[in-house]
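Chain residues, written in single-letter form:
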Amino acid sequence: MARKVKTDKKQNSNGATLGFEEKLWQAADKMRNNMDAAEYKHVVLGLIFLKYISDAFEELRAKLDADKKSGADPEDRDEYMAANIFWVPKKARWAYLQANAKQPSIGKLIDDAMFAIESDNKVLKGVLPKTYARQELDKKRLGELIDLIGTIGMGDKENRSKDILGRVYEYFLSEFASAEGKKGGQFYTPRCVVQTLVEMLAPYKGRVYDPCCGSGGMFVQSEKFIEQHGGKVGDISVYGQESNPTTWRLAKMNLAIRGIDANLGQENADSFHRDLHPDLKADYVLANPHFNDSDWGGARLREDKRWKYGIPPVGNANFAWVQHFIYHLSPTGIAGYVLANGSMSSNTSGEGEIRKNMIEADLVDCMVALPGQLFYSTQIPVCLWFVARDKRNNRFRDRRGHVLFIDARNLGTMIDRVHRELTEEDIHKITDTYHAWRGDLKQKYKDIPGFCKSATLDKIRSHGHILTPGRYVGAEEIEDDGEPFDEKMTRLTKQLEQQLSESAKLEEQIRKNLKGLGYGL
């Protein structure tokens, strides 16, 4: 049974809606000057991380200082390690750096601080940015940025409980993704899409895996979901992998700030060619792989054991990812992932055969068509796939032989000229439909023309194993206004006649005006 989400009262009382992120972003972005957003991102996020661990350190240090008479030593590194707080050397502490923010040497001081922190905290080795001393980084603006970030009390106990730092980090990640455009899509999946995936799967406990984890948004949202449903951080084990080295570092910082203990491997690596978790069988797989990747090295993996449902084409990694996810699912595991819409209907290069084999193996649980313009990296519409290894297991109702189709293309609200967002109401409409169908919600499921349909495998076979929801949900029912057909046609015909008459008058007037100007038609 789906657990009830705690009320918004807690969310409001813990300050989750902060409101200052936008002003902070505008101030920080102003200092970017001509620096590329992709580069500036590491400057800003590195400083936020540094501020956070320094504040957390100072909070415990003050407590130890007060307990000196009881034998506490505020400079004992073990005291901090025991409390799961990073040890911060003296010259890496925020107060020291801020006191020197106006010095020309501030870039080198920050780099030295980053090296010192990594040296004393092995888990952060190779993670922190150390490029603040480079000549092209304006030291005056760097000092101003330090002052700006210094105004936020992010790491003390009270503010950590308000989740301020996590909100700032997440907000900045999304803004940088927007600023970077297509490149930003490589490290950031829009929050509403991640939230939809997580709330569909409802990962209360177990092993969660994302083999292309970007900046770690799937894991952050999973932990939020657990906390909102009465669980605690640590109820899930987090496994991830990321091929891009700078994105891998962003993810390490993002998860450290959230207090999430994650296994992202010792370094960045490609999941196809160097699987860092070869024996992992996850209860949940959450992923947003790079769409239609044509440069994934598929020619070197023709005989790979993961391709149980067919050899994926060399020119497109979509069904290589899909089969990688399935390979890593436990016998009762469920995967939810984002793919381009073409994956639902493509029959080129063997993709149709792989999709058919997955359908006939009764793996596909639910398909969701999303509206366009949700992503920073592309404006093409995408879909969500949900795959279950065992649709009969005792956690939910027996769903064998059926697939749920949801057509959510009409949902969402434009937040600016080119970007759309799913609202909380939209997300709940999608996820409640799935949970009602799956049987873990009291609400009884029913087909809604134009929105959702539970289809049999025979029905899917009759459509040539194409999984586009629009084929199954039919047309939306139009509410009967009670006006008899003959009366409506008489009324509308009369209305049309009046409009045509008015149009003719306007046309005649335009002709006269043009003729008066010497341009008669």
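Residues numbered from 1 in each chain as written. Predicted model: local features only at pLDDT ≥ 70, side-chain atom pairs only at ≥ 80, totals over all residues. Heavy atoms only, no water.

Quick look at empty space enclosed by the protein now. To locate leftover empty space, one rolls a probe as large as a water molecule over the atoms. Summed over the entire model, instances satisfying the criterion amount to one cavity of 30 Å³ or more. Approximately 40 Å³ is the volume attributed to the largest cavity. Lining the largest cavity, in full, are Leu-24, Ala-28, Val-44, Ile-48, Leu-145, Leu-148, Ile-149, Ile-152, Val-168 and Phe-172. Those elements that place two or more of their residues in the lining of the largest cavity are helix H2 (21-30), helix H3 (37-66), helix H7 (139-150) and helix H9 (164-180). Ranked by residues supplied to the lining of the largest cavity, first place goes to H7 with three residues. (1 Å grid on protein atoms, 1.4 Å probe; cavity = no way out; pocket = protein on both sides within 12 Å on 5 of 7 lines; lining within 4 Å. Points joined across faces, edges and corners; volume = space filled by probe spheres on them. Helix = DSSP H or I, 4+ residues; strand = E, 2+ residues; numbered from the N terminus.)

A cluster of basic side chains, namely Lys-281, Lys-305, Lys-308 and Arg-389, defines a positive patch on the protein surface. Inspection of the secondary structure assignment puts Lys-308 in the loop between strand S4 (282-287) and helix H13 (318-327). (Patch = residues over 30% accessible without salt bridge, like charges linked within 9 Å, V, L, I, M, F, W, Y side chains within 5 Å. Areas by Shrake-Rupley, 256 points an atom, 1.4 Å probe, with all protein chains shown as cover. Salt bridge = Lys/Arg side-chain N within 4 Å of Asp/Glu carboxyl O. Lys, Arg positive; Asp, Glu negative; His and termini not counted. Charge placed at Lys NZ, Arg CZ, Asp CG, Glu CD.)

Here the structure, examined in full by the defined rule, presents 20 aromatic pairs. Lying across the ring of Phe-115, Lys-130 places its NZ or CZ 5.4 Å from the centre. The positively charged end of Lys-429 is found above the aromatic ring belonging to Phe-451, 4.5 Å away from the centroid. (Phe/Tyr/Trp six-rings, centres within 6.5 Å; stacked < 30°, edge-to-face > 60°. Lys NZ or Arg CZ within 6 Å of the ring centre and 35° of its normal.)

By the definition in use, this model includes 24 salt bridges. The salt bridge partner of Glu-39 is Arg-134, with a shortest N-O separation of 2.8 Å. Highlighted residues: Glu-39 in helix H3 and Arg-134 in the loop between helix H6 (106-120) and H7, separated in sequence by 95 residues. Arg-134 gets classed as buried once you look at its relative accessible area, which sits at 17%. A salt bridge links Glu-144 to Lys-140, with the nearest nitrogen and oxygen atoms 3.0 Å apart. One end of the pair, Glu-144, and the other, Lys-140, are both in helix H7, four residues apart, so they sit about a helical turn from each other. By relative accessible area, which is 30% here, Glu-144 ends up partly exposed. For Lys-140, a relative accessible area of 59% gives the class exposed. (Buried < 20%, exposed > 50% of the residue type's maximum accessible area, 1.4 Å probe, protein only.)

Further remarks concern the sheet that holds strand S8 (residues 402-407). Whether parallel or antiparallel, the strands of a sheet pair through hydrogen bonds between backbone atoms. The nine strands lie next to each other as S3-S2-S1-S4-S5-S7-S6-S8-S11, forming an open sheet whose pairing is mixed. The sheet is open, and its two borders are formed by strand S3 (262-263) and strand S11 (452-456), each paired with just one other strand. As paired strands, strand S1 (residues 206-210) and strand S2 (residues 236-240) are joined by five bridges and run parallel to one another. Bridge assignment links Gly-206 to a residue of S2, and that residue is Ile-236. Seen against the sheet, helix H15 (residues 424-438) touches strand S5 (329-340), strand S6 (364-369), S8 and S11 and runs at an angle of roughly 165° to S8. (Pairing = 2+ DSSP bridges. Contact = heavy atoms within 4.5 Å. Axes fitted to C-alpha atoms, helices over the stretch in contact; angles between N-to-C directions.)

With that settled, consider the nonpolar core. With 110 residues, the main nonpolar core has Ile-110, Leu-145, Phe-172 and Val-368 as its most contacted residues. Here this core takes 14 residues from H3, the largest share from any one element. Setting aside chain neighbours within four positions, we find Phe-172 in contact with Glu-21, Leu-24, Trp-25, Ala-28, Val-44, Leu-45 and Ile-48. Val-285, Ala-335, Cys-383 and Phe-405 belong to the second-largest nonpolar core, a separate cluster that totals 40 residues. (Core = buried A, V, L, I, M, F, W, Y, C linked by side-chain atoms within 4.5 Å.)

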